[in-house]
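# Working through the structure, step by step
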Amino acid sequence: MDIKIKDRTLELPIIQGGMGVGVSLGRLAGTVASFGAMGTISMVDIGFKEEDFWKKPLEANIRAYRKELAKAKEISKGKGLIAVNMMSVATDYDALIEEIMDSEADAVIVGAGLPLKLPEKNINGKLLAPIVSGKRALDLICRTWLRRFETLPDFVILEGRGAGGHLGFSLQELDDPVHNLEDLTVEVVEYLKEYEVSHGVKIPLFVAGSVMDNEDLNLYRSLGATGLQIGTRFLTTTEADAHENMKQLIVDSSSEDLVIIKSPVGIYGRAINNKLIKDLEDGRIAPSRCINCLKPCNPKTTDFCISEKLIQTANGDVGNGLVFCGSRVDEIKSIISVKEVLENVMGGNL
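A short tour of the structure in this document, coming up. It should be emphasised that the depicted structure is a prediction, and the values quoted were computed from it without experimental measurement.

Look at helix 4 (residues 135-149) against helix 6 (residues 181-199): their axes get within 10 Å of each other, and the N-to-C directions meet at 20°. Our classification of the angle between helix 4 and helix 6 gives roughly parallel. Between helix 4 and helix 6 lies a crossing of right-handed hand. Across from Lys135, Leu138, Asp139, Cys142, Arg143 and Leu146 in helix 4, the residues of helix 6 making contact are Glu187, Val188, Tyr191, Leu192, Tyr195 and His199. In terms of residue class, the contact of helix 4 with helix 6 is built from seven nonpolar, one polar and four charged.

Following this line, the structure appears as structure tokens:
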């Protein structure tokens with residue numbers, strides 16, 4: 001089932017989603033890629049373990065990224081592809097994108113906003129992909145990229161409202177059955193077909209948002225998608241870089257434990273209800289320090305510091321930290337290997 005993306009090939013139609021702050025680093029991304037899929041390193045606070053992170057976050061993140069990319073490349077042994085995930089709302093977005101473009105990563109995936117200027121940084125022929133929540137956002141990206149850079153996305157990730165972490169939907173849209181993932185997929189597939197006809201280029205579409213098994217793969221491929229991007233199911237693998245406490249909390253949680261919160265990023269996100277969430281009901285938790293990590297965040301008014309709370313989780317404090325999670329947590333009953341996840345998604349042995 002080889003998948004062509006521009007001049008590169010995937011053996012499996014699977015992308016491991018980017019999960020920030022210690023979850024999807026070199027070990028997970030490299031292992032996923034070693035089976036012929038696309039592994040993803042998240043650039044979000046990737047340098048949180050570096051000694052100078054709180055004083056020099058940009059330098060720490062670049063240093064850690066180089067280590068994790070080297071690790072992923074060593075583990076993958078040339079198989080699959082290694083992508084890097086970035087949030088467009090990051091304050092150091094431009095500098096980190098330049099670092100990624102200069103590196104040996106294969107692809108750049110950008111979410112949490114519209115990466116309208118991404119192609120101008122692409123000096124080394126990286127595969128470029130936006131994460132979108134529907135046709136409207138994708139149309140703006142495609143028209144802008146064509147007008148300004150004479151290019152189109154090399155692949156697209158459509159992320160539905162069932163995803164963990166940051167969501168591209170309003171509260172009203174999260175409750176609106178019109179925005180179901182199947183209908184959104186059909187709409188985006190039809191939209192991308194127009195570019196196949198007009199520009200002679202086929203743009204692969206990967207569907208995300210609490211998709212995790214062979215039934216999902218068959219469903220969305222039948223609707224015209226190329227494959228899936230999977231996040232939470234990979235988080236709870238033995239090879240995931242996440243702290244064991246985080247993995248076990250997700251295994252032990254149910255859909256009744258999930259809440260929608262307003263993130264300092266400026267958009268809504270899905271997380272596990274814990275002491276942090278309950279404490280926030282009593283009022284904001286003022287940041288103890290600030291590294292100016294997000295463009296939309298004002299430390300004087302933000303409800304909490306998202307970097308601080310994600311780092312707490314990454315260090316094992318899953319009560320006071322922020323724990324993002326996909327909506328189908330009920331179906332995750334144990335910690336298994338990346339190979340077992342991929343076999344389950346592909347419907348047989350690899």
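What follows deals with the side chain of Thr313. Among the structural elements, Thr313 can be located in helix 11 (residues 306-314). With a relative accessible area of 2%, Thr313 lands in the buried category. At 2.8 Å, the side chain of Thr313 and the backbone oxygen of Leu322 are in polar contact.

Right, let's get into the pairing of strand 11 (residues 227-230). Sheet analysis places strand 3 (residues 14-16) next to strand 11, joined by three bridges and oriented parallel. When the sheet's bridge partners are listed, Ile15 is paired in strand 11 with Gln229. In this fold, strand 10 (residues 205-208) hands off to helix 7 (residues 214-222), which returns the chain to strand 11; that crossover is right-handed.

It is worth spelling out the nonpolar core at this point. The biggest cluster of nonpolar side chains holds 81 residues, and the ones touching the most others in it are Ile14 and Phe234. Here this core gets seven residues from one element, more than from any other, and that element is helix 6. Other than its neighbours up to four places away in sequence, Ile14 contacts Ala37, Met38, Phe206, Leu228, Ile230, Phe234, Leu342, Val345 and Met346.

What follows is about the layout of surface pockets. Considered as a void within the structure, the second largest pocket measures approximately 220 Å³ in volume. Around the second largest pocket sit 15 residues that line it, and Leu25, Ile46, Phe48, Lys49 and Glu68 are the ones nearest its centre. Looking at the lining of the second largest pocket residue by residue, the class counts come to six nonpolar, three polar and six charged.

Here we take up the side chain of Asn85. Residue placement: Asn85 occurs in strand 5 (residues 81-87). Those residues in contact with Asn85 that lie beyond four places of it in its chain are Gly18, Thr40, Ile41, Ser42, Met43, Ile109 and Ile131.

The next subject is the sheet that holds strand 9 (residues 165-166). A sheet is described by the order of its strands in space; here three strands give the open sequence 9-13-12, paired in antiparallel fashion. With one partner strand each, in any of the chains shown, strand 9 and strand 12 (258-262) form the two edges of the open sheet. Judged from the two bridges that link them, strand 9 and strand 13 (residues 268-272) form a sheet pairing that is antiparallel. The residue of strand 13 that forms the bridge with His166 is Gly269.

For strand 4 (residues 38-42), a buried count of five out of five residues is recorded, marking the element as mostly surrounded by other parts of the structure. Across the two faces of strand 4 the burial is the same, with Met38, Thr40 and Ser42 and Gly39 and Ile41 all buried. For strand 4 and strand 5, the ladder comprises five bridges, and the chain directions are parallel. In the strand pairing of strand 5, Gly39 is matched with Ile82. Taken together, strand 4, helix 2 (residues 57-76) and strand 5 constitute a β-α-β crossover, and its handedness is right-handed.

Reading guide: rules and limits
- All chains use their own residue numbering, which begins from 1 and follows the written sequence.
- Where local features are concerned, this predicted model is filtered to residues with pLDDT of at least 70; where side-chain atom pairs are given and counted, the filter is 80 or more; whole-chain, interface and lining totals use all residues.
- The side-chain numbers reported here are obtained from all heavy atoms of the structure, hydrogens and water having been left aside.
- Convention adopted: a line fitted to C-alpha atoms gives each axis, helices being fitted over their contacting stretch, and angles between N-to-C directions are expressed from 0 to 180 degrees.
- Strands here are runs of E lasting at least two residues and helices are runs of H or I lasting at least four, both read from the DSSP assignment and numbered beginning at the N terminus.
- With respect to orientation, any angle under 35 degrees is reported as roughly parallel, any angle over 145 as roughly antiparallel, any angle of 65 to 115 as roughly perpendicular, and every other angle as oblique.
- The sense of a crossing depends on the near helix, which, turned anticlockwise from the far helix by less than a right angle, makes the crossing left-handed and, turned clockwise, makes it right-handed.
- The contact criterion used is simple: two residues touch if any of their non-hydrogen atoms lie within 4.5 Å.
- Ten residue types, Ala, Val, Leu, Ile, Met, Phe, Trp, Tyr, Cys and Pro, are classed as nonpolar, four, Asp, Glu, Lys and Arg, as charged, and the remainder, Gly among them, as polar.
- Throughout this description, buried means an accessible area under 20% of the type-specific maximum (1.4 Å probe, protein chains only), exposed means over 50%, and partly exposed covers the range between.
- Under the rule applied, a polar contact is a pair of N or O atoms within 3.5 Å (in protein, one hydrogen donor and one hydrogen acceptor; residues adjacent in sequence only if both atoms are side-chain atoms).
- A pair of strands is considered paired only if DSSP assigns at least 2 bridges between the two.
- Here the term right-handed applies to a crossover when the path leading from its first strand over the helix to its second strand runs clockwise, the strands being oriented away from the viewer.
- The set of buried Ala, Val, Leu, Ile, Met, Phe, Trp, Tyr and Cys residues whose side-chain atoms join them within 4.5 Å is what this entry labels a nonpolar core.
- Put plainly, a pocket is an open set of points on a 1 Å grid over the protein atoms alone with protein on both sides within 12 Å along at least five of seven lines, a cavity is a set where a 1.4 Å probe fits but cannot get out, and a lining residue has an atom within 4 Å of a point.
- Grid points are joined across faces, edges and corners, and a volume is the space filled by probe spheres set on the points.

Everything listed here is a matter of geometry and, on its own, says nothing about what the molecule does.
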